[in-house]
Every structure is written in C-alpha cells, then in structure tokens.
Number of protein chains: 2
Amino acid sequence: VRRANLALVLNHVAERGPISRARIASETGLHKSTVSSLIGELEELGLVHEPAGIGRVPTVGRPATPIALASTTTALGLEIAVDGARAGIEDLTGEVRFEAQLARDLRSSDPGPVLDEVATIAREAFAFARSEGLRVIGAGIAVPGLVGLDARTLLRAPNLGWGEVHVADEVERRLGLPTGVTSLSNEANLAALAELWDGVGRDLTSFVHVTGRSLGIGGGVVIGRELYRGSSGFAGEIGHMIVDRDGVVCACGARGCLETVAGLEAVRRAAGLPAAPQAPSETALAEHLAALATAGEPAVLAAVDRAADALGVALSAVMNVLDVQALVLGGALVPLCPWLIPRVRGVLGKDVLASPLAGFDLRTSSLGALAPTRGAAAVHLRAVLSEPWRVAEAGIAATA
Amino acid sequence: VRRANLALVLNHVAERGPISRARIASETGLHKSTVSSLIGELEELGLVHEPAGIGRVPTVGRPATPIALASTTTALGLEIAVDGARAGIEDLTGEVRFEAQLARDLRSSDPGPVLDEVATIAREAFAFARSEGLRVIGAGIAVPGLVGLDARTLLRAPNLGWGEVHVADEVERRLGLPTGVTSLSNEANLAALAELWDGVGRDLTSFVHVTGRSLGIGGGVVIGRELYRGSSGFAGEIGHMIVDRDGVVCACGARGCLETVAGLEAVRRAAGLPAAPQAPSETALAEHLAALATAGEPAVLAAVDRAADALGVALSAVMNVLDVQALVLGGALVPLCPWLIPRVRGVLGKDVLASPLAGFDLRTSSLGALAPTRGAAAVHLRAVLSEPWRVAEAGIAATA
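The structure presented is a predicted model; accordingly, all values stated were derived computationally and were not measured.

**Some details on the confidence of the model for chain A**
In this model, chain A carries an average pLDDT of 92, and 94% of its residues clear a pLDDT of 70 or more. Across the interface, the model reports ipTM at 0.91; the global pTM reads 0.92.

Encoded structure:
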C-alpha cells in the first residue's frame, strides 16, 4: 500500500506540480501526514524537490511549499542508426539536457567498432551529467532492427548488415555498468512511445507512427495508449510491407519493400541526385530534398510523389487492418511532410474501405529525428514514475 | 458480490461441469451453503440443471448430484451473405441445435425484401426452438460490411450494394422483438470470435482470421484473446488491402483489392469457368474448385496459385505490422486450403522481415462457413456467462 501511495503521490506531482502538500492530500484523499511522509521519502529518492524559483504560495493558514519533480534525475537515450550514433539525456520533467551525434556511415558495418563509438558518446553524456550534478538512472538503446523479447539482444538489422548482436551486454561491458541498467528496443517503437508521451500522440488512444530514416522506414503501433509489440516483439515493420512486387531488392532480401521506394536514399536516387561523398546524415539529406522540392525541382517532386504513393499504399493497408485514430509521419520524413501528407491522404481516400465514413487524421511528428533517443530515455523515466522505490536499486547512479 | 459469485459458479460449471456442488465449493473457495443457494438461483434462471443422463456420483458422504450447463438456453445467429441468408441456434453448452440456409443471389440487392427473408428464416428458427422447448435469449446478426459502434447499424456493404441500413431495428420490427435483443456485427469479426471460443483459436492469444466468401474476403483481428475492433469498429478489412495496383476495380471503388483476386468468384473467373446459372452458393463453388484442383485441372491450379500469392502478399503485410501468433484461413477458403497454405507459407517466408527467426503457424478454420452464425449466437451466450443475472431481463424468451 505504501508503495502504491508513493507512486500515486509522485504521479500527482508529475501531472499537477508544482503543488503543495495540502493540495496533494485534498486531491488524492490521503491524510496530510501521510503525504508529508511520502514526499519526504520521494525527496530522499531524489525524485521531487522544492524548486528554488517558486516562492511559497500564501494561503489562509501557514505558507504552503510547492513540490515539483526533481530535474536532477535523468535517463540516457542512445541510438545506433545507419547514419551514426546519437545520445541524449532527458530529465524527469521531460526536459532534454544533452544531445550529441557522431556522424558515421554504418551501412554494412562491423558491430565491435560501432559499439566502441556508442560507448564513447555515452561516456561524453555521463561526463556532462557529472559536471551538471545529474543522476542517470538507466539507459535505453535504440536500434534499427528486430529486438528479442529479452530487450537486450538485437536479432536482425539488415540496413546495418548485422545479425544477432548482444548489444545491451556489449554496451554495459564497455561502460563498466551493472548488468540490466540498459535496455534495447527497436528505434521506431521508441519513436512511437516518445510521440505518445511527449509529442503529437499525447491526445490519441491509437495511432501508427512511421519513422523515415536514411535507408529504412520503421513503424510503431500504439493501441490503447500502449505500444503494441506483437507475439515475438516484431510488430510495426511497415518498411518491409511490399508495395511493388516488381521493384528493387531490399537489404532484407525481399523485393519491393516500402523502404526501397520511400526511404530517403531511395528518394534521392529516384530524383537522380548524387550520393553524398561523406557519411549521409539523414536530416541533412531530408532538408536538402525539401529545399529542392520548395524550389520546384521536377525530378525531386516526382520522386517525393512516388514515395508518397508508396506510403499511401502501405498506410491504406494499415488503416484497413487496424483502423487507428491517426497516422503520424516522423523521423527524417518531417521536412518532406508538406508534400507527402496531402498525397498520402488522397491515396487513403481512395483505398481505405471506411474512407467515405472517416476523415483521416494524418499528423507530422513533433519530435522528428530526436524521437528514438527521447523514447529510449523516457522508457526508464516512466519506469521510475510507476515504481519509484526501484530508483534506490538502480545501478547507474554511482557510475554517472 | 453475489452477482460476481453467481458468474464465478456459472463459469466454473461451464469449464469443469458436470461437477458436484461440493467440488464447486472446494475449488472456488466458496462456502457449501453459498454454492447451493447460487446453484438454486442459476437453476431458476435456466442456466444450469442436473442432467438426467448422469447418475449421482457416489462419494464417502451422501451422494453428490452433478450440475451441468442447461442445454435449453440458446441464442440465435443470423447471417446476411452475398449468397443468401443463414440461421443457426447454439446452446449454452456450445452445441449447434438448428441450421438453415436460404440460397439467394444478394449482389446489388434491395435491403427491404432481403430483411423480409431474414425474418422468415428467423421465424423458422424460433418455431424449432418452441417445438424443442428451447429458450432463445438473444440474436446476433452477421453482415458482410462495416458496422457502426452502436452494433445495430450497417454503414456500408459494397458486395451487397448496400449503404446505411438499420439492420437490427428492421429485424426486431419484423419479428416483433423488443428493442436491443439483437446485435449487428461484421461477419468476419464474428467468424474470428467463433474460432477463438470454439475453433482452432482456442489455444491462441493472437491471430488474424481470414474469411473467404463468394465475392469478398473478410478479416478478424484477435489480440490478447479479444477481438480488436479499431477506433471506429472498422478493423480487419483485409479483403480491401491493395495487392495489385493495376488490377481490376473492386465493388468498393478501389483498384486491385485482395478480394478481386482471392475471392471465390475471382478464382472462378481466372480459371475460365462459367458462372453458376443459379444463385452461387459459396460452399458449392469452393468444393467444385477443390475437386477440379484435385483432378489437376491446370487453369484452376493456376487461378488458386494466383489467389494464394495475393493472400501471401496481404498476409505478409499483416505479419510485418501485427506479428500475431497465427493466421487462420476460413470460410469458403477451407476446401482450397491444401493448395493455398503451402504457397502462402512460401510468400511469408520471403516477405516477412522476421521470417528467418519465426515459423509461421498457418491454420485451417475448423468451423468454416458456419463460423459467422456461430459467432453471432456465441456473443449472446458469452454475455450470459459474464452477467448471468441479465438473462432474467432478456426479452426474446417470451416470444420464442
């Protein structure tokens, strides 16, 4: 009961804070002395504090001291993407405190050296946390591939050219972290969770989030405000829906997958643009394509239309099967959304059986390329909100 | 509490019966006198009885009288399909007590006369129930189209040529039934529920059920042992996934829907066989095609392979997005499953990203063309198991 009340009070502060102990008591129905003792425990756990900037709120009785979430408790998000490694630190209040990126071409890469680079960028993040007095309570790692139900093992990532890699073990070993403080997830699933918790999915019960990347297209399915993982954890692989049976062969071995038409590199190639000489940064490429589309470059507009039609075919299938409230386009697709969204909407209107009865809520991601690392960190922060007492057992704190 | 215990005891009898009062008490932890009083109440509600055929079980103490579900409590399932109307009565023990079919060609039909025929077949079912002393506690109606969240209104059924029709109201009015004793559902959703409860889905947590019909292909998505309906109730429309963008135009207006290739009539046409002169019964057509395939008729084998490839494309997309435990082929596809299943499995192996990691559990429906009416009746019978006290309020009893 005490643990349940600890979570109740912490979540009340998360939703309504800064808030006085008295108001927490009246709004939760807990006794005032219970609330005071629970707040004391949460302060000791480093999860709430009395923010310096906010003065005491005068009331009829004695002054009430407002309580807020502690911004010194944070989690780390790491990402291994085809265009490099990313790291971000997010605090309990949802603020991004640190961001870093190592641009690298990781297509057909060797896992060992890549994991070394991930460890390097993670060490930078930890150094920042130490210098700012932040405690890092866990780390999530985002990967562009299929992850085992253990949330530790990558099973298959065709665009990296990786088979089975024990990513969580390898990262923990390189950083000298205790086993279990990191978790591994598919990047598109994490992006969907980030949008659900902190982005354009906050008001939605169900949606499918599509993440465009330099090569790949990922998907995350949210049903009942929870990530739908599937029976083996492999749900949401929208990028590998076949949209053109006579198309080109995908890195996965199948022919005509959505990402062979609507991935950023595929759009670049269809537009007849040369490959970047250096490691292709997906954001730079997407913005370059958007600039050319804005300038009315016909080959780019045609390639973007072709990508939109392929997205429309795949998303019509998704809507016919899942009937979700909304579709969200995200990742590196964001700069191209002004062209993609009207055309995708047109295909949905034609190809979804329920279209005469339904408007289509098609949204642009608000977090874009940051969504996977934010989701990776947020998974650990959300775990603290539901089981605050576990933060005392969390092992990264000592090393950060 | 008493209501919860009433449901607890009834469900215990459903799962473990015939079972003595003493064993119910020891297995549920309820007091023996409480069990006796609850059994008395369930007997009065007509939900359990002491079956005549089963002798008293001798025990150490006084003889124990076994209790079983009453097979006199039943529900009616009705179906409006493209090849006619069907009715079935199922009792609380899961036994089918009555079946009838009116073969009619209902393509581009007028709702009024069709609903008159549905009322006719329903009256036959009620007459049978009266003659057998069965009580009918509700009726489910299956339709091949989109149904509103009210579970009473058909919104769109392209293969019937129907727009919005207040099917539940119309059927109740024709039969003089109290409002609310019938419910309307998509036939493929009901078929999936029937397989979940009484068919090949009993051991599965998640699956997608594909119902082949004379023209259409329906789908039902089961997640967490519940039917997934979608945000507007329109989920599972697998037949309208686009498999051939250059294909023929579907009744829904889109081009190249799965059902334009894998619906039975499409297979017949592709095989160069003449249309049936009379109303096409889907079961007869499916068995005719299977017989020709068994005889090695090349045009039929080619048409079935083409249907299998289209099913494979759509089901690969379903597996990539939903990662369910199994796929079930049902309805009129059942006679063709020996040819369809190996070929669909081949496409899945090629086109599903997780295929190197996953075996595919592809099953043949055990209920076939009966699944929609069984599901329609079972929805009402299941409601009795979860809220037994409502059976006293159910209104059909008096009229049956």
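From this point, the narrative continues.
**What about the sheet that holds strand β12 (residues 217-223) of chain A?**
Residue and element names in this part refer to chain A. Strand order in the open sheet made by the five strands is β13-β12-β11-β14-β15, with mixed pairing throughout. Only two strands of the sheet have a single partner each, and these edge strands are β13 (226-228) and β15 (361-364). Strand-to-strand twist of the sheet, defined as the mean angle between neighbouring strand axes without regard to direction, takes the value 30°. The pairing of strand β11 (residues 207-212) with β12 spans six bridges and is antiparallel. Its bridge partner being in β12, Phe207 is matched across the sheet by Val222. Along the sheet, helix α11 (residues 337-351) makes contact with β14 (326-331) and β15, crossing β15 at roughly 165°.

**Details of the interface of chain A and chain B**
Taken together, the 41 residues of chain A in the interface contact 41 residues of chain B. Across the chain A to chain B interface the summed buried area is about 3400 Å²; carbon plus sulfur atoms make up 66%. Of all residues in chain A, Val321(A), Asp323(A) and Leu353(A) give up the largest surface area on contact with chain B, accounting jointly for 21% of the area buried on that side. Counting across the chain A and chain B interface gives zero salt bridges. Counting the contacts that link chain A with chain B gives 20 residue pairs in polar contact (both at pLDDT 80 or more). Of all elements in the fold, only β9 (154-156), β12, α10 (298-322) and α11 of chain A reach the threshold of two or more residues within the side of chain A that touches chain B. No other element matches α10(A), which puts seven residues into the side of chain A that touches chain B.

**Focus: the packing of helix α10 (residues 298-322) of chain B against helix α11 (residues 337-351) of chain B**
Residues and elements named next belong to chain B. The geometry of α10 relative to α11 is characterised by a closest axis approach of 8 Å and an angle of 45° between their N-to-C directions. Of the possible angle classes, the one that applies to α10 and α11 is oblique. Read as a crossing pair, α10 and α11 show a hand that is right-handed. On α11, the residues that touch Leu301, Val304, Asp305, Ala308, Asp309, Leu311, Gly312, Val313, Leu315, Ser316, Met319 and Asn320 of α10 are Trp339, Leu340, Arg343, Val344, Val347, Leu348 and Asp351. Along the lines of polarity and charge, the residues of the contact of α10 with α11 split into 12 nonpolar, three polar and four charged.

**A short note on the relation of the copies chain A and chain B**
Overlaying chain A with chain B gives an RMSD of 0.0 Å, the required rotation being 180° about an axis along which the chain moves by 0.1 Å. Read as a symmetry element, the transformation amounts to a two-fold axis. Of all interface residues in chain A, 100% are interface residues in chain B too; the two copies therefore contact each other through one and the same surface.

Conventions we followed
- Residues numbered from 1 in each chain as written.
- Chains lettered and ligands numbered in written order.
- Predicted model: local features only at pLDDT ≥ 70, side-chain atom pairs only at ≥ 80, totals over all residues.
- Heavy atoms only, no water.
- pLDDT = per-residue confidence, 0-100.
- Pairing = 2+ DSSP bridges.
- Helix = DSSP H or I, 4+ residues; strand = E, 2+ residues; numbered from the N terminus.
- Axes fitted to C-alpha atoms, helices over the stretch in contact; angles between N-to-C directions.
- Contact = heavy atoms within 4.5 Å.
- Buried area = accessible area lost by both parts, 1.4 Å probe.
- Salt bridge = Lys/Arg side-chain N within 4 Å of Asp/Glu carboxyl O.
- Polar contact = N/O pair within 3.5 Å; in protein donor to acceptor, adjacent residues only side chain to side chain.
- Parallel < 35°, antiparallel > 145°, perpendicular 65-115°, else oblique.
- Left-handed = near helix turned anticlockwise from the far one by under 90°.
- Nonpolar A, V, L, I, M, F, W, Y, C, P; charged D, E, K, R; others polar.
- Least-squares fit on C-alpha atoms with pLDDT ≥ 70 in both.

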